[in-house]
Amino acid sequence: MAESLPLEMLTYILSFLPLSDQKEASLVSWAWYRAAQNALREQPGLTSLDLSGCSELTDGALLAVSRGLRHLRRLSLGKLQWLTDAGCTALGGLQELQSLNMSECCLVRGRELAQALGSVHGAPSQLASLSLAHCSSLKDASVLSMIPALGLSLRVLDLSSCVALTNRTLQAICTYLTHLSVLRLAWCRELCDWGLLGLEEPLQGTQPRPELEHQASGTKDPCPEPQGPSLLMLRALQELDLTACSKLTDASLAKVLQFPQLRQLSLSLLPELTDKGLLAVAGGCPSLEHLALSHCTRVSDKGWAQAASSWPRLQHLNLSSCSQLTEQTLDAIGQACRQLRVLDVAMCPGINMAAIRRFQAQLPQVSCVQSRFVGGADLTLTL
(Lines give C-alpha, C1' and ligand atoms only; values in the text may rest on other atoms or scores of the structure.)
Protein backbone atom coordinates (compact mmCIF):
# COMPACT_ATOMS: atom_id res chain seq x y z
CA MET A 1 0.00 0.00 0.00
CA ALA A 2 2.83 2.40 0.86
CA GLU A 3 4.16 2.02 -2.69
CA SER A 4 0.96 3.59 -4.03
CA LEU A 5 1.29 6.75 -1.92
CA PRO A 6 2.31 9.96 -3.71
CA LEU A 7 5.97 10.86 -3.25
CA GLU A 8 5.07 14.04 -1.35
CA MET A 9 2.99 12.11 1.19
CA LEU A 10 5.64 9.42 1.65
CA THR A 11 8.23 12.14 2.17
CA TYR A 12 6.01 13.78 4.78
CA ILE A 13 5.60 10.48 6.66
CA LEU A 14 9.31 9.66 6.63
CA SER A 15 10.19 13.13 7.90
CA PHE A 16 8.76 12.15 11.31
CA LEU A 17 11.08 9.15 11.66
CA PRO A 18 14.45 9.23 13.46
CA LEU A 19 17.41 9.37 11.11
CA SER A 20 18.32 5.76 11.83
CA ASP A 21 14.84 4.66 10.67
CA GLN A 22 14.99 6.90 7.61
CA LYS A 23 18.27 5.20 6.75
CA GLU A 24 16.59 1.78 6.90
CA ALA A 25 13.54 3.00 4.99
CA SER A 26 15.72 4.18 2.10
CA LEU A 27 16.58 0.53 1.40
CA VAL A 28 12.99 -0.60 0.85
CA SER A 29 12.59 0.56 -2.74
CA TRP A 30 13.56 3.33 -5.12
CA ALA A 31 10.42 5.25 -4.19
CA TRP A 32 11.28 5.10 -0.51
CA TYR A 33 14.89 5.99 -1.32
CA ARG A 34 13.77 9.18 -3.11
CA ALA A 35 11.35 10.00 -0.32
CA ALA A 36 14.07 9.54 2.30
CA GLN A 37 16.34 11.89 0.33
CA ASN A 38 13.56 14.47 0.19
CA ALA A 39 12.97 14.09 3.92
CA LEU A 40 16.64 14.84 4.52
CA ARG A 41 16.37 18.07 2.54
CA GLU A 42 13.63 19.21 4.89
CA GLN A 43 16.05 19.10 7.85
CA PRO A 44 18.50 21.87 6.92
CA GLY A 45 19.60 22.29 10.54
CA LEU A 46 20.85 18.70 10.82
CA THR A 47 24.42 18.52 12.18
CA SER A 48 25.11 14.74 12.27
CA LEU A 49 24.32 12.11 9.65
CA ASP A 50 25.28 8.41 9.50
CA LEU A 51 24.69 6.64 6.18
CA SER A 52 27.17 3.82 6.85
CA GLY A 53 26.18 0.50 5.39
CA CYS A 54 23.54 1.87 3.01
CA SER A 55 25.26 -0.09 0.30
CA GLU A 56 22.96 0.92 -2.57
CA LEU A 57 23.54 4.67 -2.17
CA THR A 58 25.48 6.31 -4.98
CA ASP A 59 27.15 9.63 -5.73
CA GLY A 60 23.71 11.23 -6.08
CA ALA A 61 23.01 10.72 -2.38
CA LEU A 62 26.13 12.64 -1.40
CA LEU A 63 25.21 15.41 -3.81
CA ALA A 64 21.77 15.67 -2.21
CA VAL A 65 23.32 15.79 1.26
CA SER A 66 25.72 18.58 0.30
CA ARG A 67 22.93 20.68 -1.20
CA GLY A 68 20.36 20.25 1.57
CA LEU A 69 22.40 19.86 4.75
CA ARG A 70 24.91 22.70 4.70
CA HIS A 71 25.37 22.70 8.47
CA LEU A 72 26.56 19.11 8.84
CA ARG A 73 29.41 18.68 11.29
CA ARG A 74 29.64 14.88 11.36
CA LEU A 75 29.15 12.69 8.30
CA SER A 76 29.68 8.94 8.08
CA LEU A 77 29.69 7.25 4.66
CA GLY A 78 31.36 3.98 5.58
CA LYS A 79 30.85 0.94 3.33
CA LEU A 80 29.18 2.81 0.46
CA GLN A 81 30.38 0.46 -2.25
CA TRP A 82 29.14 2.61 -5.16
CA LEU A 83 30.53 5.93 -3.96
CA THR A 84 33.20 7.22 -6.36
CA ASP A 85 35.49 10.21 -6.71
CA ALA A 86 32.76 12.04 -8.62
CA GLY A 87 30.58 12.06 -5.52
CA CYS A 88 33.42 13.37 -3.37
CA THR A 89 33.37 16.71 -5.18
CA ALA A 90 30.16 17.53 -3.30
CA LEU A 91 32.02 17.57 0.04
CA GLY A 92 33.48 20.97 -0.77
CA GLY A 93 30.10 22.51 0.03
CA LEU A 94 30.08 21.29 3.64
CA GLN A 95 32.00 24.15 5.17
CA GLU A 96 31.20 23.27 8.81
CA LEU A 97 32.24 19.62 8.57
CA GLN A 98 34.33 18.44 11.53
CA SER A 99 34.28 14.65 11.19
CA LEU A 100 34.24 12.61 7.97
CA ASN A 101 34.20 8.80 7.81
CA MET A 102 34.66 7.25 4.36
CA SER A 103 36.07 3.91 5.47
CA GLU A 104 35.63 0.96 3.10
CA CYS A 105 34.62 3.13 0.15
CA CYS A 106 36.73 1.01 -2.14
CA LEU A 107 36.08 2.96 -5.37
CA VAL A 108 37.35 6.23 -3.94
CA ARG A 109 40.82 7.01 -5.29
CA GLY A 110 41.18 10.34 -3.55
CA ARG A 111 41.85 12.82 -6.37
CA GLU A 112 38.50 14.65 -6.24
CA LEU A 113 38.40 14.27 -2.46
CA ALA A 114 41.70 16.14 -2.31
CA GLN A 115 40.23 18.92 -4.45
CA ALA A 116 37.07 19.10 -2.34
CA LEU A 117 39.14 19.48 0.80
CA GLY A 118 41.48 21.97 -0.89
CA SER A 119 41.34 25.63 -1.76
CA VAL A 120 39.67 25.07 -5.15
CA HIS A 121 36.28 24.44 -3.55
CA GLY A 122 37.01 25.91 -0.12
CA ALA A 123 38.25 23.51 2.55
CA PRO A 124 36.15 22.64 5.60
CA SER A 125 37.81 24.92 8.10
CA GLN A 126 37.30 22.75 11.17
CA LEU A 127 37.83 19.15 9.97
CA ALA A 128 39.16 17.36 13.04
CA SER A 129 38.67 13.68 12.15
CA LEU A 130 39.11 11.85 8.84
CA SER A 131 38.84 8.09 8.27
CA LEU A 132 39.79 6.55 4.94
CA ALA A 133 40.46 3.12 6.40
CA HIS A 134 40.24 0.21 3.93
CA CYS A 135 40.04 2.56 0.94
CA SER A 136 42.27 0.21 -0.98
CA SER A 137 42.35 2.34 -4.15
CA LEU A 138 44.13 5.24 -2.43
CA LYS A 139 47.60 6.01 -3.75
CA ASP A 140 50.38 8.31 -2.56
CA ALA A 141 49.71 10.95 -5.21
CA SER A 142 46.15 11.72 -4.13
CA VAL A 143 46.90 11.55 -0.42
CA LEU A 144 49.92 13.84 -0.85
CA SER A 145 47.72 16.45 -2.51
CA MET A 146 45.12 16.10 0.24
CA ILE A 147 47.32 16.32 3.33
CA PRO A 148 48.41 19.98 3.03
CA ALA A 149 44.75 21.01 2.70
CA LEU A 150 43.71 19.30 5.93
CA GLY A 151 45.45 21.84 8.10
CA LEU A 152 46.32 22.02 11.76
CA SER A 153 42.76 21.41 12.95
CA LEU A 154 42.98 17.67 12.12
CA ARG A 155 43.40 15.53 15.22
CA VAL A 156 42.41 12.00 14.05
CA LEU A 157 43.60 10.35 10.82
CA ASP A 158 42.84 6.72 9.98
CA LEU A 159 44.55 5.24 6.91
CA SER A 160 44.44 1.63 8.09
CA SER A 161 44.66 -0.98 5.32
CA CYS A 162 45.42 1.59 2.62
CA VAL A 163 47.99 -0.93 1.48
CA ALA A 164 49.48 1.04 -1.43
CA LEU A 165 50.64 3.99 0.68
CA THR A 166 54.39 4.38 1.21
CA ASN A 167 56.93 6.38 3.17
CA ARG A 168 56.08 9.47 1.10
CA THR A 169 52.62 9.65 2.67
CA LEU A 170 53.98 9.15 6.18
CA GLN A 171 56.57 11.89 5.77
CA ALA A 172 53.92 14.28 4.43
CA ILE A 173 51.81 13.55 7.52
CA CYS A 174 54.79 14.34 9.74
CA THR A 175 55.38 17.60 7.87
CA TYR A 176 51.86 19.05 7.71
CA LEU A 177 49.76 17.35 10.40
CA THR A 178 51.88 17.97 13.47
CA HIS A 179 48.88 18.40 15.79
CA LEU A 180 47.57 14.86 15.30
CA SER A 181 46.57 13.02 18.46
CA VAL A 182 45.48 9.77 16.73
CA LEU A 183 47.26 8.15 13.77
CA ARG A 184 46.25 4.71 12.49
CA LEU A 185 48.42 3.09 9.81
CA ALA A 186 47.70 -0.61 10.43
CA TRP A 187 48.47 -2.89 7.47
CA CYS A 188 50.27 -0.15 5.52
CA ARG A 189 52.86 -2.75 4.67
CA GLU A 190 55.04 -0.55 2.43
CA LEU A 191 56.12 1.62 5.35
CA CYS A 192 59.69 0.96 6.47
CA ASP A 193 62.37 2.33 8.78
CA TRP A 194 63.37 5.11 6.39
CA GLY A 195 59.89 6.60 6.55
CA LEU A 196 59.70 6.67 10.34
CA LEU A 197 63.18 8.20 10.59
CA GLY A 198 62.46 10.89 8.02
CA LEU A 199 65.28 9.67 5.78
CA GLU A 200 65.25 9.32 2.03
CA GLU A 201 65.02 5.68 1.03
CA PRO A 202 68.00 4.62 -1.12
CA LEU A 203 67.25 3.70 -4.70
CA GLN A 204 67.32 0.05 -5.65
CA GLY A 205 70.82 -1.03 -6.61
CA THR A 206 72.56 1.65 -4.52
CA GLN A 207 74.67 0.96 -1.46
CA PRO A 208 72.46 0.79 1.67
CA ARG A 209 73.22 3.18 4.49
CA PRO A 210 75.76 1.66 6.86
CA GLU A 211 73.87 2.83 9.96
CA LEU A 212 70.90 0.55 9.33
CA GLU A 213 73.21 -2.28 8.34
CA HIS A 214 74.93 -2.02 11.73
CA GLN A 215 71.56 -1.93 13.48
CA ALA A 216 70.31 -5.00 11.65
CA SER A 217 73.48 -6.93 12.38
CA GLY A 218 73.32 -6.14 16.08
CA THR A 219 76.65 -4.30 16.29
CA LYS A 220 77.20 -1.47 18.73
CA ASP A 221 77.50 1.19 16.06
CA PRO A 222 74.64 3.68 16.63
CA CYS A 223 71.68 3.62 14.31
CA PRO A 224 70.86 6.80 12.37
CA GLU A 225 69.24 9.70 14.14
CA PRO A 226 65.82 10.85 12.91
CA GLN A 227 66.08 13.68 10.41
CA GLY A 228 63.62 15.86 8.53
CA PRO A 229 59.95 14.79 8.69
CA SER A 230 60.27 11.90 11.14
CA LEU A 231 57.53 10.48 13.34
CA LEU A 232 59.03 12.45 16.22
CA MET A 233 57.42 15.60 14.83
CA LEU A 234 54.00 14.36 15.98
CA ARG A 235 54.58 15.33 19.58
CA ALA A 236 50.87 15.41 20.50
CA LEU A 237 50.19 11.74 19.65
CA GLN A 238 48.05 9.84 22.13
CA GLU A 239 47.23 6.82 19.92
CA LEU A 240 49.40 5.14 17.29
CA ASP A 241 48.61 1.96 15.35
CA LEU A 242 51.42 0.34 13.32
CA THR A 243 49.92 -3.17 13.27
CA ALA A 244 51.34 -5.37 10.50
CA CYS A 245 53.71 -2.71 9.15
CA SER A 246 55.99 -5.69 8.85
CA LYS A 247 59.04 -3.92 7.37
CA LEU A 248 59.59 -1.90 10.54
CA THR A 249 62.45 -2.92 12.83
CA ASP A 250 64.15 -1.85 16.04
CA ALA A 251 66.32 0.47 13.94
CA SER A 252 63.51 3.02 13.66
CA LEU A 253 61.16 2.03 16.48
CA ALA A 254 63.85 2.52 19.11
CA LYS A 255 64.48 6.06 17.87
CA VAL A 256 61.06 7.51 17.15
CA LEU A 257 58.71 5.95 19.71
CA GLN A 258 59.31 8.68 22.24
CA PHE A 259 55.92 10.06 23.14
CA PRO A 260 55.42 10.78 26.85
CA GLN A 261 51.68 11.42 26.33
CA LEU A 262 50.96 8.31 24.23
CA ARG A 263 48.11 6.28 25.73
CA GLN A 264 47.48 3.58 23.12
CA LEU A 265 50.01 1.75 20.94
CA SER A 266 49.78 -1.28 18.65
CA LEU A 267 52.91 -2.98 17.33
CA SER A 268 51.28 -6.33 16.69
CA LEU A 269 52.52 -8.48 13.81
CA LEU A 270 55.95 -6.86 13.66
CA PRO A 271 58.26 -9.85 13.19
CA GLU A 272 61.46 -7.80 13.64
CA LEU A 273 60.52 -6.23 16.97
CA THR A 274 62.91 -7.55 19.65
CA ASP A 275 63.61 -6.94 23.33
CA LYS A 276 65.76 -3.96 22.35
CA GLY A 277 62.81 -2.28 20.69
CA LEU A 278 60.52 -3.19 23.58
CA LEU A 279 62.84 -1.53 26.09
CA ALA A 280 63.11 1.58 23.94
CA VAL A 281 59.31 1.83 23.78
CA ALA A 282 59.08 1.36 27.53
CA GLY A 283 61.49 4.25 28.08
CA GLY A 284 59.92 6.53 25.49
CA CYS A 285 56.22 5.90 26.14
CA PRO A 286 55.76 5.62 29.92
CA SER A 287 52.07 6.63 29.93
CA LEU A 288 50.71 3.70 27.93
CA GLU A 289 47.32 2.35 28.99
CA HIS A 290 46.64 0.09 25.98
CA LEU A 291 49.43 -1.95 24.38
CA ALA A 292 49.13 -4.61 21.66
CA LEU A 293 52.11 -6.83 20.83
CA SER A 294 50.42 -9.95 19.50
CA HIS A 295 52.50 -12.20 17.21
CA CYS A 296 55.73 -10.43 18.18
CA THR A 297 57.67 -13.68 18.31
CA ARG A 298 61.10 -12.20 19.09
CA VAL A 299 60.04 -10.51 22.33
CA SER A 300 61.09 -12.58 25.35
CA ASP A 301 60.84 -12.85 29.13
CA LYS A 302 64.13 -10.99 29.45
CA GLY A 303 62.70 -7.93 27.72
CA TRP A 304 59.55 -7.91 29.82
CA ALA A 305 61.52 -8.32 33.03
CA GLN A 306 63.03 -4.90 32.35
CA ALA A 307 60.15 -3.19 30.54
CA ALA A 308 57.18 -3.97 32.80
CA SER A 309 58.16 -1.49 35.52
CA SER A 310 57.92 1.39 33.01
CA TRP A 311 54.18 0.90 32.52
CA PRO A 312 52.37 1.31 35.86
CA ARG A 313 49.30 2.75 34.05
CA LEU A 314 48.83 -0.20 31.71
CA GLN A 315 45.19 -1.40 31.64
CA HIS A 316 44.85 -3.46 28.41
CA LEU A 317 47.65 -5.73 27.19
CA ASN A 318 47.60 -8.10 24.22
CA LEU A 319 50.45 -10.64 24.05
CA SER A 320 48.66 -13.36 22.12
CA SER A 321 50.84 -15.69 20.03
CA CYS A 322 54.08 -14.37 21.53
CA SER A 323 55.82 -17.73 21.39
CA GLN A 324 58.84 -16.94 23.60
CA LEU A 325 56.93 -15.76 26.65
CA THR A 326 56.53 -17.88 29.78
CA GLU A 327 55.15 -17.47 33.28
CA GLN A 328 58.14 -15.25 34.08
CA THR A 329 56.55 -12.51 31.98
CA LEU A 330 53.28 -12.93 33.85
CA ASP A 331 55.15 -12.56 37.15
CA ALA A 332 56.85 -9.35 35.96
CA ILE A 333 53.55 -7.87 34.73
CA GLY A 334 51.73 -8.88 37.91
CA GLN A 335 54.28 -7.09 40.08
CA ALA A 336 54.59 -3.89 38.02
CA CYS A 337 51.29 -3.30 36.19
CA ARG A 338 48.87 -3.00 39.08
CA GLN A 339 46.23 -1.13 37.04
CA LEU A 340 45.82 -3.94 34.51
CA ARG A 341 42.23 -4.91 33.68
CA VAL A 342 42.43 -6.96 30.46
CA LEU A 343 45.15 -9.42 29.39
CA ASP A 344 45.34 -11.59 26.27
CA VAL A 345 47.88 -14.43 26.27
CA ALA A 346 45.96 -16.73 23.94
CA MET A 347 48.06 -19.19 21.96
CA CYS A 348 51.22 -18.54 23.99
CA PRO A 349 52.74 -22.04 24.17
CA GLY A 350 55.08 -21.17 27.07
CA ILE A 351 52.27 -20.12 29.42
CA ASN A 352 50.04 -22.71 31.10
CA MET A 353 46.75 -22.47 32.96
CA ALA A 354 48.38 -22.88 36.35
CA ALA A 355 50.46 -19.74 35.71
CA ILE A 356 47.35 -17.86 34.62
CA ARG A 357 45.49 -18.83 37.79
CA ARG A 358 48.41 -17.59 39.89
CA PHE A 359 48.40 -14.35 37.94
CA GLN A 360 44.68 -13.85 38.53
CA ALA A 361 45.15 -14.45 42.25
CA GLN A 362 47.94 -11.86 42.23
CA LEU A 363 45.81 -9.27 40.38
CA PRO A 364 42.15 -10.00 41.25
CA GLN A 365 41.03 -6.72 39.63
CA VAL A 366 41.82 -8.15 36.16
CA SER A 367 38.35 -8.67 34.74
CA CYS A 368 39.26 -10.52 31.55
CA VAL A 369 42.08 -12.93 30.70
CA GLN A 370 42.03 -14.42 27.22
CA SER A 371 43.82 -17.76 27.54
CA ARG A 372 42.53 -20.01 24.77
CA PHE A 373 45.02 -22.58 23.50
CA VAL A 374 47.77 -21.67 25.99
CA GLY A 375 50.44 -24.14 26.89
CA GLY A 376 50.95 -25.39 23.36
CA ALA A 377 47.51 -26.96 22.93
CA ASP A 378 47.13 -28.95 19.73
CA LEU A 379 44.65 -26.93 17.67
CA THR A 380 43.99 -29.86 15.37
CA LEU A 381 42.32 -31.67 18.25
CA THR A 382 40.14 -28.76 19.32
CA LEU A 383 38.84 -27.44 16.03
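Use the structure listed above.
Throughout what follows, the structure given in this document is the object of discussion. No experiment lies behind these values; they were computed from the predicted model shown. (Residues numbered from 1 in each chain as written. Predicted model: local features only at pLDDT ≥ 70, side-chain atom pairs only at ≥ 80, totals over all residues. Heavy atoms only, no water.)

**Here we look at the overall build of the protein**
At step 1: Looking only at helices and strands, the protein has 16 helices and 12 strands in total.
At step 2: Per-residue burial over the protein gives 49% buried out of 383 residues.
At step 3: In the protein, 77% of the contacts between residues at least 6 apart in sequence involve partners at least 24 apart.
At step 4: Accessible surface, the protein as shown: approximately 17200 Å² in total, 53% of it carbon and sulfur. (Helix = DSSP H or I, 4+ residues; strand = E, 2+ residues; numbered from the N terminus. Buried < 20%, exposed > 50% of the residue type's maximum accessible area, 1.4 Å probe, protein only. Contact = heavy atoms within 4.5 Å. Areas by Shrake-Rupley, 256 points an atom, 1.4 Å probe, with all protein chains shown as cover.)

**Quick notes on the packing of helix α14 (residues 327-336) against helix α15 (residues 353-362)**
Helix-helix packing: each pair is described by the crossing angle between the helix axes and the interaxial distance.
At step 1: Direction vectors running N to C along α14 and α15 enclose 5°, while the axes themselves pass 10 Å from each other. Relative to α15, the element α14 is oriented roughly parallel. Residue-level contacts link Glu327, Leu330, Asp331, Ile333, Gly334 and Gln335 of α14 to Ala355, Ile356, Arg358, Phe359 and Gln362 of α15.
At step 2: Across the contact of α14 with α15, the residue classes tally to 5 nonpolar, 3 polar and 3 charged. (Axes fitted to C-alpha atoms, helices over the stretch in contact; angles between N-to-C directions. Parallel < 35°, antiparallel > 145°, perpendicular 65-115°, else oblique. Nonpolar A, V, L, I, M, F, W, Y, C, P; charged D, E, K, R; others polar.)

**Digging into the packing of helix α7 (residues 140-150) against helix α8 (residues 167-176)**
At step 1: At a closest axis distance of 9 Å, the pairing of α7 and α8 adopts a crossing angle of 0°. Put simply, α7 runs roughly parallel to α8. Each of Asp140, Val143, Leu144, Ile147 and Pro148 in α7 lies in contact with α8, whose residues at this interface are Arg168, Thr169, Ala172, Ile173 and Tyr176.
At step 2: Here the contact of α7 with α8 is built from residues that sort into 7 nonpolar, 1 polar and 2 charged.

**Digging into a nonpolar patch on the surface**
At step 1: A contiguous nonpolar surface patch, about 220 Å² in accessible area, is contributed by Val163, Trp187 and Leu269.
At step 2: Here Trp187 is to be found in the loop between β6 (182-184) and α9 (193-197).
At step 3: For Trp187, a relative accessible area of 37% puts it in the partly exposed group. (Patch = residues over 30% accessible without salt bridge, like charges linked within 9 Å, V, L, I, M, F, W, Y side chains within 5 Å. Salt bridge = Lys/Arg side-chain N within 4 Å of Asp/Glu carboxyl O.)

**A closer look at the pattern of salt bridges**
At step 1: Counting across every chain of the model gives 7 salt bridges.
At step 2: The partner of Arg184 in a salt bridge is Asp158, with the nearest N and O atoms 3.7 Å apart. Here Asp158 lies in strand β5 (residues 156-158) and Arg184 lies in strand β6, a separation of 26 residues in the sequence.
At step 3: The exposure class of Asp158 is buried, given its relative accessible area of 10%.
At step 4: Two residues, Arg298 and Glu272, come together in a salt bridge whose shortest N-O distance is 2.8 Å. One end of the pair, Arg298, is in the loop between β9 (290-292) and α13 (301-307); the other, Glu272, is in the loop between β8 (264-266) and α12 (275-284), and 26 residues separate them in sequence.
At step 5: Judged by its relative accessible area of 41%, Arg298 falls in the partly exposed class.
At step 6: One network of salt bridges, in which partners are shared, links Asp158, Arg184 and Glu239.

**What to know about the sheet that holds strand β2 (residues 74-76)**
At step 1: An order of β1-β2-β3-β4-β5-β6-β7-β8-β9-β10-β11-β12 is seen for the 12 strands of this open sheet, with the pairing classed as parallel. Both edges of this open sheet fall to β1 (48-50) and β12 (368-370), since each of them pairs with a single strand only. Strand after strand, the sheet turns through a mean of 5° between neighbouring axes, direction not considered.
At step 2: Direction of pairing for β6 relative to strand β7 (residues 239-241): parallel, over a ladder of 3 bridges. Counted as the bridge partner of Leu183 is Leu240 from β7. (Pairing = 2+ DSSP bridges.)

**Things to note about helix α4 (residues 59-68)**
At step 1: Of all 10 residues in α4, 7 are buried; the element is thus mostly enclosed.
At step 2: Within the sequence span of α4, burial applies to Asp59, Ala61, Leu62, Ala64, Val65, Ser66 and Gly68.

**Brief notes about the nonpolar core**
At step 1: Of all hydrophobic cores here, the largest spans 108 residues; its most connected members are Met102, Leu231, Leu257 and Trp304.
At step 2: With residues up to four places along the chain from it excluded, the contact list for Leu257 reads Leu231, Leu240, Leu265, Leu267, Ala280, Val281, Gly284 and Cys285. (Core = buried A, V, L, I, M, F, W, Y, C linked by side-chain atoms within 4.5 Å.)

**Some points on the environment of Gly283**
At step 1: Note that Gly283 resides in helix α12.
At step 2: Taking the C-alpha atoms as reference points, Gly283 and Ser310, 27 residues apart in sequence, are found 6.7 Å from one another.

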